[in-house]
Amino acid sequence: MDRTIAINVNRLCKTYDSHKAVDDLSFSIYAGEIFGLLGPNGAGKSTTLRTLITLLHPTSGTATVMGHDTVREADTVRTLIGYVPQERAIDRFLTGREHLQLLGALYHLTTDEATKRINELLKLVDLEDHADRPAKTYSGGMKRKLDIACGLLPNPKILFLDEPTLGLDVQSRLRIWEYVRMLKARGMTVVMTTNYLDEADQLCDRLAIIDGGKIKTLGSPVELKIALGGDIVSLTLKELDRIPSLETELKGRPAIKSVRTTTKGLDIRVESPEKALPAILEATNRLGCSIEFIQYNRPRLDDVFIAHTGRAITESIPETESAS
Ligand SMILES: Nc1ncnc2c1ncn2[C@@H]1O[C@H](COP(=O)(O)OP(=O)(O)O)[C@@H](O)[C@H]1O
Ligand SMILES: [Mg+2]
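It should be emphasised that the depicted structure is a prediction, and the values quoted were computed from it without experimental measurement.

Participant: Would you explain the overall build of the chain in this entry?
Facilitator: Check the secondary structure of the chain and you find twelve helices and 14 strands. A total of 324 residues make up the chain; the buried ones form 37% of that total.

Participant: I would appreciate a short explanation of the sheet that holds strand β4 (residues 60-65) in the present structure.
Facilitator: As a general point, the strands of a sheet are linked pairwise by backbone hydrogen bonds and lie either parallel or antiparallel. On the basis of which strands lie adjacent, the open sheet formed by four strands has the order β2-β1-β4-β5 and antiparallel pairing. In the strand order of this sheet, the two ends are held by β2 (19-30) and β5 (68-69), each with one partner. Relative to β5, β4 is paired through two bridges, and the arrangement is antiparallel. Within β5, the position partnered with T64 by the bridge is D69.

Participant: It is not clear to me how the site of ligand 1 should be interpreted in this structure. Could you clarify?
Facilitator: Around ligand 1 sit eleven residues in total, of which Y16, A21, K45, S46 and T47 are the nearest. The greatest single-element share of the shell around ligand 1, amounting to three residues, is contributed by helix α1 (residues 45-52). When its residues are assigned to classes, the shell around ligand 1 shows three nonpolar, seven polar and one charged.

Participant: Where do I start with the sheet that holds strand β3 (residues 34-38) in this structure?
Facilitator: Strand order in the open sheet formed by six strands is β6-β7-β8-β3-β9-β10, with mixed pairing between adjacent strands. Only two strands of the sheet have a single partner each, and these edge strands are β6 (81-84) and β10 (214-219). Shown here is a sheet whose adjacent strand axes are inclined to one another by a mean of 15 degrees, direction ignored. In terms of strand pairing, β6 meets strand β7 (residues 158-162) through four bridges, oriented parallel.

Participant: In this structure, what is going on with the packing of helix α3 (residues 96-106) against helix α5 (residues 140-152)? I would like to understand it.
Facilitator: For any two helices packed against each other, one specifies the crossing angle of their axes together with the interaxial distance. One way to put it is that α3 packs onto α5 with a least axis distance of 10 Å and a crossing angle of 20 degrees. Between α3 and α5, the angle falls in the class roughly parallel. Between α3 and α5 the crossing geometry is right-handed. Contacts between α3 and α5 involve G96, H99, L100 and L103 from the first element and L146, A149 and C150 from the second. Counted by class, the contact of α3 with α5 contains five nonpolar, two polar and no charged residues.

Participant: Would you explain the nonpolar core in this entry?
Facilitator: Counting 62 residues, the largest nonpolar core has A149, F160, V190 and V191 as its most contacted members. In terms of residue count, the dominant contributor to this core is α5 (five residues). The contact partners of V190, leaving out residues within four places of it in the chain, are I34, L159, L161, V180, L183 and K184. Within the second largest apolar cluster, 13 residues are counted, among which are L237, L250, V270 and A276.

Reading guide: rules and limits
- Residue positions are counted from 1 within each chain, in the order its sequence is given.
- Ligands are numbered from 1 and chains lettered from A, in the order in which they are written.
- Per-residue local features are limited, in this predicted model, to residues with pLDDT of at least 70; the limit for side-chain atom pairs, both in listing and counting, is 80 or more; totals at the level of whole chains, interfaces and linings are taken over all residues.
- Starting at the N terminus, helices and strands are each numbered in turn, a helix being any DSSP run of H or I of at least four residues and a strand any DSSP run of E of at least two.
- Residue burial here comes from a neighbour count, namely the number of other C-beta atoms, placed from the backbone, that lie within 10 Å of the residue's own C-beta, with 20 or more meaning buried, 12 or fewer meaning exposed, and in between meaning partly exposed.
- In this description, strands pair whenever DSSP reports at least two bridges between them.
- Nearness between a residue and a molecule or strand is assessed with a C-beta atom placed from the backbone; a distance within 6 Å qualifies.
- Under the scheme applied here, ten amino acids are nonpolar (Ala, Val, Leu, Ile, Met, Phe, Trp, Tyr, Cys and Pro), four are charged (Asp, Glu, Lys and Arg), and all others, including Gly, are polar.
- The axes are straight lines fitted to the C-alpha atoms, using for helices just the contacting stretch, and the angles between their N-to-C directions are given from 0 to 180°.
- Reported orientations rely on four angle classes, namely roughly parallel under 35 degrees, roughly antiparallel over 145, roughly perpendicular from 65 to 115, and oblique for the rest.
- Take the far helix as your reference; a near helix turned counterclockwise from it by less than a right angle gives a left-handed crossing, and one turned clockwise gives a right-handed crossing.
- Note that contacts rest on C-beta atoms placed from the backbone: two residues are in contact if these are within 7 Å.
- A set of buried Ala, Val, Leu, Ile, Met, Phe, Trp, Tyr and Cys residues, joined to one another through C-beta atoms within 7 Å, is what we call a nonpolar core.

This is the structure:
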């Protein structure tokens, strides 16, 4: 992957009265990746995003977008980005096409340019057949598609999506994920927020877990899960008397982190199943152990979130925390 830095955030803080909405964030986003800010409501995701897109000035710290400071060079930054807000205040009486035409005028596109791009975008988000009826008659998923088309109209290098699938049904969510992947395939950098673990897990190349305005951990979904201490292969063995010798055999092998005896077999913590499974099967064969059952548990992003924040993402933030 291209390791060019698209966005750099350095000790970013945003304080409202005495409340630190964003508290000393530092991270980089690479060109061409889908980067996610994952956190519960009130974590500071939208505030961070709005700072990056020049809508908010940091209380302290800096952010650059493709090398341009979001405060001093806000005008340049704005030419590079597209933004899909969490809630777009658009006039739902206009048709989908009229929304895009209005925006095209705001971006000073020529009529020909605008018509061409609008047709392309309506096709991209599957709204061609609905382009000429009022947006207020659209379903939630269709409105969101229109929002995304609006964000893409200026042909941005970087697209910012704030909670792109909030409140959508499963089908519409999958569709939006498809668009985001397609944009990445076309070379776009995508920065998104979400409070859906599955969305962060399946869509983001890398993500930062943000809670109470702070980054708790950052990495690819796989890295974050591995950092928890590896996956577990649980073996249920037919001959229970062979458990100790198998344990001795497996302990200390390179792909195996730890081995623990259970009532029916062994729980084996492994770094990567690709390397560990052949070793485990080879050892059981050689010792003549018959496996009755084998189960493989991968830590989920839920486990990662809990490990770093001390609670599940769906649990609300304690009152004391938001007041401090
Ligand atoms: N304009 C504002 N004025 C005062 N407080 C705000 C403002 N915007 C956000 N906050 C507070 O900052 C914190 C982070 O908000 P936000 O960035 O919207 O979180 P998220 O997008 O993760 O839900 C919350 O406690 C929120 O109440
Ligand atoms: Mg938000």
